[in-house]
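Per-entry structural report
Spelled out, the chains give:
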Amino acid sequence: NAGVTQTPKFQVLKTGQSMTLQCAQDMNHNSMYWYRQDPGMGLRLIYYSASEGTTDKGEVPNGYNVSRLNKREFSLRLESAAPSQTSVYFCATQRVAITYEQYFGPGTRLTVT
Amino acid sequence: SQKIEQNSEALNIQEGKTATLTCNYTNYSPAYLQWYRQDPGRGPVFLLLIRENEKEKRKERLKVTFDTTLKQSLFHITASQPADSATYLCAPNYGGSQGNLIFGKGTKLSVKP
């Protein structure tokens, strides 16, 4: 079991470029999340998906779009990258029972110049 | 909106001592509260969950308490080891849709031999 995988691990973009961060899980969880983590700011929720076909905004959705392609995959798109989007991005799934823990991917470190 | 505060950005202790980390929240109590460990360059890993109606939860050398009067959770690591050095995040859940968590900024624990 790979758990939660993310690609790419690192990316450098120029301002205005677009890219898609990919996330896939083999845990058979319905809920999936995208967070960003900045120094001194903690983890902040960008978007989440309760199930295939549904997505909702989190705390900081501006500048991002998401697609829940199927139960396994949840992608995050930056249409026109800005330096303020320089961050580490984490995808997570959630076990919606008993302990409700979230399982995180290894992260994507994105730099926008 | 809810505000989560973890007592300090960094905590340094000697090996063998008990580390105590604090998580304070404002306004109303969460339905449950989770603690995560995060190592540099990696995603957070779930450690423990404590529910609103529980006073204490233990797992091996870890203990979590939850005081709804003080609006506070304490996370203890007994007989600490250098391998316990990491950043610890608290994450209350307020029972919102999809069990969304609000993450604190974390406390970086360093255990010196």
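Model, not experiment: these values are computed from the prediction.

Reading the values: rules and limits
- In every chain, residue numbers begin from 1 and rise along the written sequence.
- Naming scheme: in the order in which they are written, chains are lettered from A and ligands are numbered from 1.
- Only residues with pLDDT of at least 70 are given local features in this predicted model, and only at 80 or more are side-chain atom pairs given and counted; all residues enter the totals for whole chains, interfaces and linings.
- Each side-chain value is worked out from all heavy atoms of the structure, with water and hydrogens disregarded.
- Whether two residues touch is decided by their heavy atoms; if any such pair falls within 4.5 Å, the residues are in contact.
- When two components associate, each loses some accessible surface as probed by a 1.4 Å sphere; the sum of these losses over both components is called the buried area.
- Any Lys or Arg side-chain nitrogen found within 4 Å of a carboxyl oxygen on Asp or Glu counts as a salt bridge.
- In protein, a polar contact requires one atom able to donate a hydrogen and another able to accept it; more generally it is a pair of N or O atoms within 3.5 Å, and residues adjacent in sequence count only if both atoms are side-chain atoms.
- A run of H or I in DSSP counts as a helix once it spans at least four residues, and a run of E counts as a strand once it spans at least two, with each numbered from the N terminus.
- Just so you know the grouping, Ala, Val, Leu, Ile, Met, Phe, Trp, Tyr, Cys and Pro go in nonpolar, Asp, Glu, Lys and Arg go in charged, and all remaining residues, Gly too, go in polar.
- The buried label goes to any residue with under 20% of its type's maximum accessible area, the exposed label to any with over 50%, and the partly exposed label to all in between, with areas taken from a 1.4 Å probe on protein chains only.

Quick look at the interface of chain B and chain A
Each partner contributes to the interface: chain B provides 20 residues, whereas chain A provides 21 residues. Carbon and sulfur atoms make up 53% of the surface buried where chain B meets chain A, a total of about 1,500 Å² over both sides. Inspection of the region where chain B meets chain A yields zero salt bridges. On the surface where chain B and chain A come into contact, there are three residue pairs in polar contact (both at pLDDT 80 or more). Among the secondary structure elements, those contributing two or more residues to the side of chain B that touches chain A are β4 (32-38) and β5 (45-51) of chain B. Looking at the side of chain B that touches chain A, the element that brings in the most residues is β4(B), giving four residues. Per-class residue counts for the side of chain B that touches chain A are eight nonpolar, nine polar and three charged.

Some points on the environment of Ala92(A)
All names here are of chain A. If you trace the backbone, Ala 92 turns up in strand β9 (residues 87-94). Accessibility expressed as a relative area gives 0% for Ala 92, which makes it buried. Taking the C-alpha atoms as reference points, Ala 92 and Tyr 103, separated by eleven residues in sequence, lie 5.2 Å from one another. Setting aside residues up to four positions removed in sequence, Ala 92 forms contacts with Ser 31, Met 32, Tyr 33, Tyr 35, Gln 102, Tyr 103 and Phe 104.

What to know about the pattern of salt bridges
All names here are of chain B. Taken as a whole and judged by the stated rule, the model has eight salt bridges over all chains. One salt bridge connects Glu 56 with Arg 58, and the closest N-O pair in it is separated by 2.8 Å. We classify Glu 56 as partly exposed; its relative accessible area is 38%. In this structure, Arg 61 engages Asp 84 in a salt bridge whose closest nitrogen and oxygen atoms are separated by 2.9 Å. With Arg 61 in the loop between β6 (56-59) and β7 (62-67) and Asp 84 in the loop between β8 (72-77) and β9 (86-93), this residue pair connects regions lying 23 residues apart in the sequence. Taking relative accessible area as the criterion, Arg 61 reaches 27% and is therefore assigned partly exposed.

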